[in-house]
Amino acid sequence: MRKPLLAGNWKMYKTPAETKEFFSVFVPLVSASAHDVVICPPFIDIAAAVEATAGSNVEIGGQNLYWKNEGAFTGEISGPMLLASGAKWVIIGHSERRQFFGETDATVLDRTKAALAAGLKPIVCVGETLAEREAGQTESVLKTQFDGGILPLGDDLAKIVIAYEPVWAIGTGKVATPEMAQAAHAYLRSLLPVDVRILYGGSVKPDNVTGLMSQPDIDGALVGGASLDAASFGKVVNF
Ligand code: 13P
């Protein structure tokens, strides 16, 4: 049985003060949850988030990392730095990083290896664009991303979480139907040599999370917009 994991990706939202305020409401809302609960705020909010969630069942993650431990890499953050700041998780290969910041399957693999070497739990994202879906290429795109960024992990594959995020459903309000998401999850699972959790991401909200979570191959959600509001993400966690 795979334990449900509900993770919030705050993207480029919230200051440290707003982070503190969020957790003062959110932590009590989810304290009785039996699900894994993770929030990935911007780097500058991690210290505030770790402090505000100390002793709770909420864990904190980064949204990216660089694959070198340290060096002359202006603007980058390493796995050991994230770990030292109290983060336990890290999102890797989000479609926004692939689309706007040149992320490739090869760099996804490098980052994932670095995250595992540092002792972080990676949430590795895959997903097709609208044009790719409409061209009937969903499975071939997922397979290319999987073969390039995930499969070479070998035995370490068991230590990651995969997030299926169809690009056309991110921030658009267009959620994949539970059946569409299930089909993609089942396909990804057919490629996997081991049992890992596969999260769905793309316009997950309190009113659609239950339908998605009722699918056999959907093990959780990676939530953007609805994770910014404590009451709303509390409802997602307590689906
Ligand atoms: P939304 O929930 O805002 O669509 O974002 C999904 C996402 O990209 C999570 O990583």
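Residues numbered from 1 in each chain as written. Predicted model: local features only at pLDDT ≥ 70, side-chain atom pairs only at ≥ 80, totals over all residues. Heavy atoms only, no water.

K.L.:
Just checking my understanding: could you explain the layout of surface pockets for this structure?
P.N.:
If you roll a probe as big as a water molecule over the atoms, it shows you where there is empty space left. Here the largest pocket defines a volume of roughly 460 Å³. Sorting elements by how many residues they give to the lining of the largest pocket places helix 4 (residues 95–100) first, with three residues. If you add up the space inside the second largest pocket, you get close to 220 Å³. (1 Å grid on protein atoms, 1.4 Å probe; cavity = no way out; pocket = protein on both sides within 12 Å on 5 of 7 lines; lining within 4 Å. Points joined across faces, edges and corners; volume = space filled by probe spheres on them. Helix = DSSP H or I, 4+ residues; strand = E, 2+ residues; numbered from the N terminus.)

K.L.:
Which parts of the structure should I look at to understand unusual backbone geometry?
P.N.:
A negative phi holds for most residues other than glycine; trans holds for most peptide bonds. Although it is not a glycine, K11 adopts a positive phi angle of roughly 50°. Among the secondary structure elements, K11 is positioned in the loop between strand 1 (5–9) and helix 1 (16–30). A positive phi angle is found at K14, which is not glycine, with a value near 85°. Along the polypeptide, K14 turns up in the loop between strand 1 and helix 1. Judged by its relative accessible area of 22%, K14 is partly exposed. (Buried < 20%, exposed > 50% of the residue type's maximum accessible area, 1.4 Å probe, protein only.)

K.L.:
It is not clear to me how the sheet that holds strand 7 (residues 198–201) should be interpreted in this structure. Could you clarify?
P.N.:
Note: strands within a sheet are paired through backbone hydrogen bonds, in either parallel or antiparallel orientation. Overall, parallel pairing links the eight strands, which are arranged 1-2-3-4-5-6-7-8 in a closed barrel. The mean inter-strand angle of the sheet, taken between neighbouring strand axes irrespective of direction, is 25°. Strand direction decides the pairing type here: strand 2 (residues 36–40) and strand 3 (residues 58–62), joined by three bridges, are parallel. Note that in strand 3 the partner of V37 across the bridge is V58. Each of strand 1, strand 2 and strand 8 (220–223) is contacted by helix 10 (residues 230–237), which is oriented at about 155° to strand 1, the strand it contacts most. (Pairing = 2+ DSSP bridges. Axes fitted to C-alpha atoms, helices over the stretch in contact; angles between N-to-C directions. Contact = heavy atoms within 4.5 Å.)

K.L.:
Is there a simple way to think about the site of the ligand in this case?
P.N.:
For the ligand, the set of nearby residues contains 13 residues, the closest of which are K11, H94, G171, S203 and G225. Contact distances for the ligand include 3.0 Å between an oxygen atom and a side-chain N or O atom of N9. Within the backbone of G225, a nitrogen or oxygen atom sits 2.8 Å from an oxygen atom of the ligand. Against a free-state accessible area of 310 Å², the protein chains account for coverage of 96% of the ligand. With respect to the detected pockets, the ligand is housed in the second largest pocket. Of the residues in the shell around the ligand, the class split is four nonpolar, seven polar and two charged. (Near = heavy atom within 4 Å. Polar contact = N/O pair within 3.5 Å; in protein donor to acceptor, adjacent residues only side chain to side chain. Areas by Shrake-Rupley, 256 points an atom, 1.4 Å probe, with all protein chains shown as cover. Sits in = over half its atoms within 2 Å of the grid points. Nonpolar A, V, L, I, M, F, W, Y, C, P; charged D, E, K, R; others polar.)

K.L.:
Is there a simple way to think about the pairing of strand 5 (residues 121–126) in this case?
P.N.:
Walk down a regular strand and you will see the side chains alternate between the two sheet faces. With five of its six residues buried, strand 5 lies for the most part within the structure. Alignment of strand 4 (residues 89–92) against strand 5, held across four bridges, turns out to be parallel. Among the inter-strand pairings, V90 is bridged to a residue of strand 5, identified as P122. Across four bridges, the pairing between strand 5 and strand 6 (residues 161–164) is parallel. Counted as the bridge partner of V124 is I162 from strand 6.

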